[in-house]
Amino acid sequence: MQNETPLIFELSREGRRGYDAPDSSVQAVGPGLSPELRRKSPPRLPEVSENTVVRHYTNLSVRNHHIDRDFYPLGSCTMKYNPRVNEQIASLPGFASLHPLQPAITAQGALEVMFRLGEALKEVTGLDAVTLQPAAGAQGELTALLMFRAYLTGQGGPRRKIIIPDSAHGTNPASIRVAGYEVVELPSGGDGLLDVEALKRILDEEVAALMLTNPNTLGLFETRIEEIISLVHGIGGLVYMDGANLNAMLGICRPGEMGFDACHINLHKTFSTPHGGGGPGSGPVLVKKHLEPFLPSPVVCRHGERFELDWDRPDSIGHVHTFFGNFGVHVRALAYILSMGQEGMREISETAIVNANYLRAKLSTEFELPFGSPCMHEVVLSGDRQKARGVRTADMAKRLLDYGMHPPTVYFPLIVHEALMIEPTESESKETLDEFIEVMRQINKDSLENPDLLKTAPHTTPVRRLDEAAAARMLDIRYYKD
Ligand SMILES: Cc1ncc(COP(=O)(O)O)c(C=O)c1O
């Protein structure tokens, strides 16, 4: 691999071709595109051979870290292996070549996929109704809060405030503001869980809802869920579960049975869509019966053998995504669920939990463990001990790159000093986990014996340590050098 990969435009040589299309044997019909719509000059594209294109993009792909290269324990992101077979199924021409404006009668198979996925997600969450439209977890949150607003308005008024714990993911307060509510932040208790006594003190009739992540972003399961939910319901409010961490719950417990009114699921974390790289995601929202009338339209429904789109929904909050959401992600999710089956789903979560607790037990000798209780699918450690030696969590994260591993999430959740949030996922072997443990132990040793090695890392990556402020503010993302 070249260390300095040139731009594809620098590889361009006039007249060089990658592919020649045969002359068309089809006669032109009619005048075609009107002259004012036609471009005046050919587009400026690189002229390169197929060989060059393939090598160029292969080289670029291995410069970046991805799950196919090595371990990627990015906490909160669930970067797990997604079976290739689901990719193949999503690319079948019957799915990939559908047009979203096709009449429903000609797209029965696609509607059936969406219908069956919705039914499966209802089963997984124990909730009653579903929309697959939202394109991400954050959009799912907003969709649900707009439904809460519509429901509460019908009950006498939308109310003013929504409560979140201080461990919440940043998308939660953002969704609350966009939905027109005030954010009320609740400090977590000393055990990292929601402080129920503090919650009681701030609950009043202006509270529209509580948003709670379970397991929370500290990797801990909220144990007093039923009590919390009945307190919020007691003042006429609603309770939302941020279900981004569902990878810890599959087949074990269900938000609907805990009493939540709604939750979203990140299909791109839990159900087999490669996460990261900004590709399409999907954040379906599941709700209890009383919120069903407000679901975005259309809703896919079944009449006998036929699948239809129900647009006639007078109380719907409207459309939240073009067409029906990111359909390719729906196909992957259904393929994954069907291939795993009920038993397999439970095994996913159990293995994810065991893997995270294995790392927790092995690493808590060298690293600070801010909360003592067993964790769910991710573990949050603190780099405070190393910081006292002058080595920051960021330095350790950079050093991990030298070992070919992606660093964990760092400095989140915000309430843990020098946080290292590690999510191994169920798809990593014991050998990989042991290798990671060894590397982390070596990094800890170096923080005592050779701290400069960490402070100047990474040393073996194509790009060395960047000035982070300049890298974010002085982007060089040109296609052309001139
Ligand atoms: C706990 C939690 N909530 C919400 C989200 C938002 O999901 P998305 O990135 O799909 O918008 C995430 C994403 O990382 C998350 O970890």
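Scroll up to find the structure this text is about.
What you see is a predicted model, and the numbers here were worked out from it, not measured in a lab. Each chain carries its own residue numbering, running from 1 in the direction its sequence is written. With the structure being a predicted model, the display of local features is reserved for residues of pLDDT at least 70 and the display and counting of side-chain atom pairs for 80 or more, all residues being used for whole-chain, interface and lining totals. With hydrogens and water set aside, each side-chain value is computed from the structure's full complement of heavy atoms.

Another aspect to go through is the overall build of the chain. Numbering goes from the N terminus for both helices and strands, where a helix is a DSSP run of H or I of at least four residues and a strand is a run of E of at least two. Looking only at helices and strands, the chain features 16 helices and 12 strands. In terms of overall size, the chain behaves like a compact globule, its C-alpha atoms giving a radius of gyration of 25 Å where 482 residues would be expected to give roughly 23 Å. Along the first, second and third principal axes, the C-alpha atoms of the chain reach 75 × 70 × 40 Å. For each residue, the accessible area found with a 1.4 Å probe, counting protein chains only, is set against the maximum for its type, and the residue is called buried under 20%, exposed over 50%, and partly exposed in between. Burial analysis of the chain (482 residues in total) assigns 47% to the buried set. Two residues qualify as a contact provided that any one of their heavy atoms is within 4.5 Å of a heavy atom in the partner residue. A sequence separation of at least 24 residues applies to 71% of the contacts in the chain between residues at least 6 apart. Computed with a 1.4 Å probe, the accessible areas rest on the Shrake-Rupley method; for each residue, only the protein chains presented here act as cover. If you sum the accessible surface of the chain, you get close to 23700 Å²; carbon and sulfur atoms cover 54% of it. As used throughout, the charge tally considers Lys and Arg to be positive and Asp and Glu to be negative, leaving His and the chain termini uncounted. A charged residue contributes its charge at one atom only: NZ of Lys, CZ of Arg, CG of Asp or CD of Glu. Charge separation in the chain, taken as the distance between the mean sites of 48 positive and 61 negative side-chain charges, equals 5 Å. To get the radius of gyration, use the C-alpha atoms; to get the globule rule, take the number of residues to the power 0.38 and multiply by 2.2 Å.

So, about the site of the ligand. Residues in close proximity to the ligand total 13 residues, the closest being Ser76, Gly137, Ala138, Asp242 and His268. Between His268 and the ligand, the recorded distance is 2.7 Å, taken from a side-chain N or O atom to an oxygen atom. Under the rule applied, a polar contact is a pair of N or O atoms within 3.5 Å (in protein, one hydrogen donor and one hydrogen acceptor; residues adjacent in sequence only if both atoms are side-chain atoms). At a separation of 2.9 Å, an oxygen atom of the ligand approaches a polar side-chain atom of Lys269. About the coverage of the ligand: the protein hides 88% of its 390 Å² of free accessible area. Every element with two or more residues in the shell around the ligand is listed here: helix 5 (137-154) and helix 10 (267-270). Of all the elements, helix 5 adds the most residues to the shell around the ligand, at 3 residues. Split into classes, the residues belonging to the shell around the ligand amount to 3 nonpolar, 7 polar and 3 charged. Residues are labelled near a given molecule or strand when at least one of their non-hydrogen atoms is within 4 Å of it. Residue classes follow a fixed rule: Ala, Val, Leu, Ile, Met, Phe, Trp, Tyr, Cys and Pro count as nonpolar, while Asp, Glu, Lys and Arg count as charged, and any other residue, Gly among them, counts as polar.

This part takes up the pattern of salt bridges. A pairing counts as a salt bridge when a side-chain nitrogen of Lys or Arg comes within 4 Å of a carboxyl oxygen of Asp or Glu. Under the defined criterion, the tally for this structure stands at 27 salt bridges. Of the charged contacts in the structure, one is a salt bridge between Arg160 and Glu182, with a shortest N-O distance of 2.8 Å. One end of the pair, Arg160, is in the loop between helix 5 and strand 2 (161-165); the other, Glu182, is in strand 3 (residues 182-186), with 22 residues separating them in the sequence. On the basis of relative accessible area, Glu182 is assigned to the partly exposed category, the value being 32%. Linking Asp476 and Arg478 is a salt bridge whose minimum nitrogen-to-oxygen distance equals 3.2 Å. Linked through salt bridges whose partners overlap, the residues forming this network are Glu197, Lys200, Arg224 and Glu227.

What follows is about the sheet that holds strand 12 (residues 419-422). The 3 strands are arranged 10-12-11 in an open sheet whose pairing can be described as antiparallel. A single partner strand is all that each edge strand has here, and the edge strands are strand 10 (379-382) and strand 11 (409-410). Any two strands between which DSSP finds at least two bridges are classified as paired. Sheet analysis places strand 11 next to strand 12, joined by 2 bridges and oriented antiparallel. Its bridge partner being in strand 12, Thr409 is matched across the sheet by Met421.

Next up on the list: the nonpolar core. Ranked by size, the top nonpolar core spans 52 residues in total, and within it Leu121 and Phe271 carry the most contacts. For this core, the secondary structure elements donating two or more residues are helix 4 (108-125), strand 3, helix 7 (196-202), strand 4 (207-213), helix 8 (225-234), strand 5 (238-243), strand 6 (262-265) and helix 11 (327-363). Each residue touching Phe271, except ones within four places of it in the same chain, is listed here: Leu121, Val124, Leu246, Leu250, Ile265, Asn266, Arg332, Ala333, Tyr336, Ile337 and Met345. Ala144, Ile176, Ala262 and Val285 belong to the second largest nonpolar core, which has 25 residues in total. Throughout this description, the term nonpolar core refers to a set of buried Ala, Val, Leu, Ile, Met, Phe, Trp, Tyr and Cys residues connected via side-chain atoms within 4.5 Å.

Attention now goes to the pairing of strand 8 (residues 299-303). Across a regular strand the side chains alternate sides, sitting on one face of the sheet and then on the other. Note: strand 8 against strand 9 (residues 306-310), 5 bridges, orientation antiparallel. Within strand 9, the position partnered with Val299 by the bridge is Asp310. Between the antiparallel neighbours strand 8 and strand 9 lie 2 residues, among them Gly304 with a positive phi of about 60 degrees.

Taking strand neighbours across the sheet as the criterion, the 7 strands line up as 1-7-6-5-4-2-3 in an open arrangement whose pairing is mixed. Each edge of the sheet is formed by a strand with only one pairing partner; in this case those strands are strand 1 (129-131) and strand 3. Averaged over neighbouring strand pairs, the angle between their axes works out to 25 degrees when direction is ignored. Here strand 6 pairs with strand 7 (residues 285-287) via 3 bridges, running antiparallel. Bridging from a neighbouring strand, Ala262 pairs with Val287 of strand 7. Axis lines are fitted through C-alpha atoms, for helices just across the contact stretch, and the angle between N-to-C directions can take any value from 0 to 180 degrees.

Here we come to the packing of helix 11 against helix 14 (residues 430-449). In the contact formed by helix 11 and helix 14, the axes pass within 11 Å of each other and the chain directions differ by 30 degrees. Classified by the angle between their axes, helix 11 and helix 14 sit roughly parallel to one another. Along this stretch, helix 11 crosses helix 14, giving a crossing that reads as right-handed. Counting all contacts with helix 11, which are made through Asn355, Tyr358, Leu359, Lys362 and Leu363, the residues of helix 14 involved are Lys430, Leu433, Asp434, Phe436, Ile437, Met440 and Arg441. Residues of the contact of helix 11 with helix 14, tallied by class, amount to 7 nonpolar, 1 polar and 4 charged. We call two directions roughly parallel when the angle between them is under 35 degrees, roughly antiparallel when it is over 145, roughly perpendicular when it lies between 65 and 115, and oblique otherwise. By convention, the crossing between two helices is left-handed when the near helix turns anticlockwise from the far helix through less than a right angle, and right-handed when the turn is clockwise.

Right, let's get into the environment of Ser429. Among the structural elements, Ser429 can be located in the loop between strand 12 and helix 14. In this structure the C-alpha to C-alpha distance between Ser429 and Asn355, which are 74 residues apart in sequence, comes to 8.7 Å. At 3.1 Å, the side chain of Ser429 and the side chain of Thr432 are in polar contact.

Turning next to the packing of aromatic side chains. Note on ring pairs: Phe, Tyr and Trp rings are taken, using the six-membered ring of Trp, and paired if centres are within 6.5 Å. Classes follow the plane angle, with under 30 degrees stacked, over 60 edge-to-face and the rest tilted. Counted under the stated rule, the structure contains 6 aromatic pairs. Centroid distance Phe71 to Phe436: 5.1 Å. Interplanar angle 70 degrees. Geometry classified as edge-to-face. Linking Phe71 in the loop between helix 1 (50-63) and helix 2 (84-90) with Phe436 in helix 14, this pair joins segments that are 365 residues apart in sequence. Both residues of the pair, Phe71 and Phe436, count as buried. The ring of Tyr181 carries the charged tip of Arg149 above its face, separated from the ring centre by 4.4 Å. The criterion is that NZ of a Lys, or CZ of an Arg, lies within 6 Å of the ring centre and within 35 degrees of the ring normal, and then a charge sits over that ring.

With respect to the helices and strands, the residue Gly281 is situated in the loop between helix 10 and strand 7. Relative accessible area serves as the criterion here: at 7%, Gly281 is assigned to the buried category. For the pair formed by Gly281 and Asn326, sequence separation is 45 residues and the distance between their alpha carbons is 6.9 Å. Filtering out sequence-adjacent residues up to four positions away, Gly281 remains in contact with Ala135, His268, Asn326 and Val329.

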